[in-house]
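Coordinate inspection notes
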Amino acid sequence: MMNKRWAVLGIVFTTVGCSSDDSGGAKKSTLPLDGMIHSWVIDQDKKSVPGVEICVEAAPDIPCVTTDANGIGDLPVPKNQALVVTYSKLDFITKRRQLFSDEYRSGGLGVWVLQTKTWYTQLAQALLAPQDFDYTDKGLVGLSVGTGPAEEFILNTDHSGTTFDLSPIAGAKDPGIVEEKFQVAGDLTVVGCVAGCTDGVVGYADVPPGRYRAVFNTPNKTCTVKAFACADATPACVELEVVAGTNTYATMSCE
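**Structural notes on the overall build of the chain**
Of the regular secondary structure elements, the chain holds one helix and 18 strands. If you take every contact in the chain between residues at least 6 apart in sequence, the share linking residues at least 24 apart comes to 71%. Element-wise, carbon and sulfur atoms account for 52% of the exposed surface of the chain, whose accessible area totals about 10900 Å².

Shown next, in the form of structure tokens:
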């Protein structure tokens, strides 16, 4: 079994912290920004990544921020909203995080791993993919289930037997989509697993852009959808927008 690193993340909401707003004061939001996404962004080698732009997608009234020299960025956001938050920097794969802006509360830093394009090429080789992942015309998806704060999502709870189903809202599923399940160690090392996975994490590559639905199934747990619920009210189901060249990530709270 090959050891690999994957998109491990935590997003923590707090009401205090230094802002990395690089708007120069020219851009002011008309929304009540009474929440905060408090992020420490690191790369695949666990090194801080300065200069990462963090934005709320399709929300021009909310100023973007940029991570400082320590890879830390605080993004003020409105509470109780379904948001898509993007993390982007040149030579890295942009990540899009679908979340509800009041679902977590914690006093510490949340960690988001932002990997380089080169890392994804190495991952494709480690997965014995017939060719590199397609970042020009297709996208990636990461899904996980969890309980409690985001920084505890993957490491502290057994989600054995969790299954996922990612399918387009309309049309047939592309047979070329690459799926891989993972186990996450305490040092953020990720090991691919076929059966007996306990973490409830899955990744998809070479996903054609478009609207998708992801159904989570966790044995003996009840999953609660807090944002992006499927329009047909399917339980434990969220809708995703897959964008070419990016990695869209969504989680499900299952207790």
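Anyway, onward from the coordinates.
**What about the packing of aromatic side chains?**
Applying the stated criterion across every chain, the model contains six aromatic pairs. For the ring pair W119 and Y120, a centre distance of 4.9 Å and an interplane angle of 90 degrees mean the geometry is edge-to-face. Note on accessibility: W119 and Y120 belong to one class, buried. Where F133 meets Y135, the ring centres are 6.4 Å apart and the plane angle is 85 degrees; that geometry is what we call edge-to-face. On the accessibility criterion, F133 (5% relative accessible area) is buried. Three or more aromatic residues link up through ring pairs in this structure, and these residues are W119, Y120, F133 and Y135.

Procedures and definitions
- Residues numbered from 1 in each chain as written.
- Predicted model: local features only at pLDDT ≥ 70, side-chain atom pairs only at ≥ 80, totals over all residues.
- Heavy atoms only, no water.
- Helix = DSSP H or I, 4+ residues; strand = E, 2+ residues; numbered from the N terminus.
- Contact = heavy atoms within 4.5 Å.
- Areas by Shrake-Rupley, 256 points an atom, 1.4 Å probe, with all protein chains shown as cover.
- Phe/Tyr/Trp six-rings, centres within 6.5 Å; stacked < 30°, edge-to-face > 60°.
- Buried < 20%, exposed > 50% of the residue type's maximum accessible area, 1.4 Å probe, protein only.

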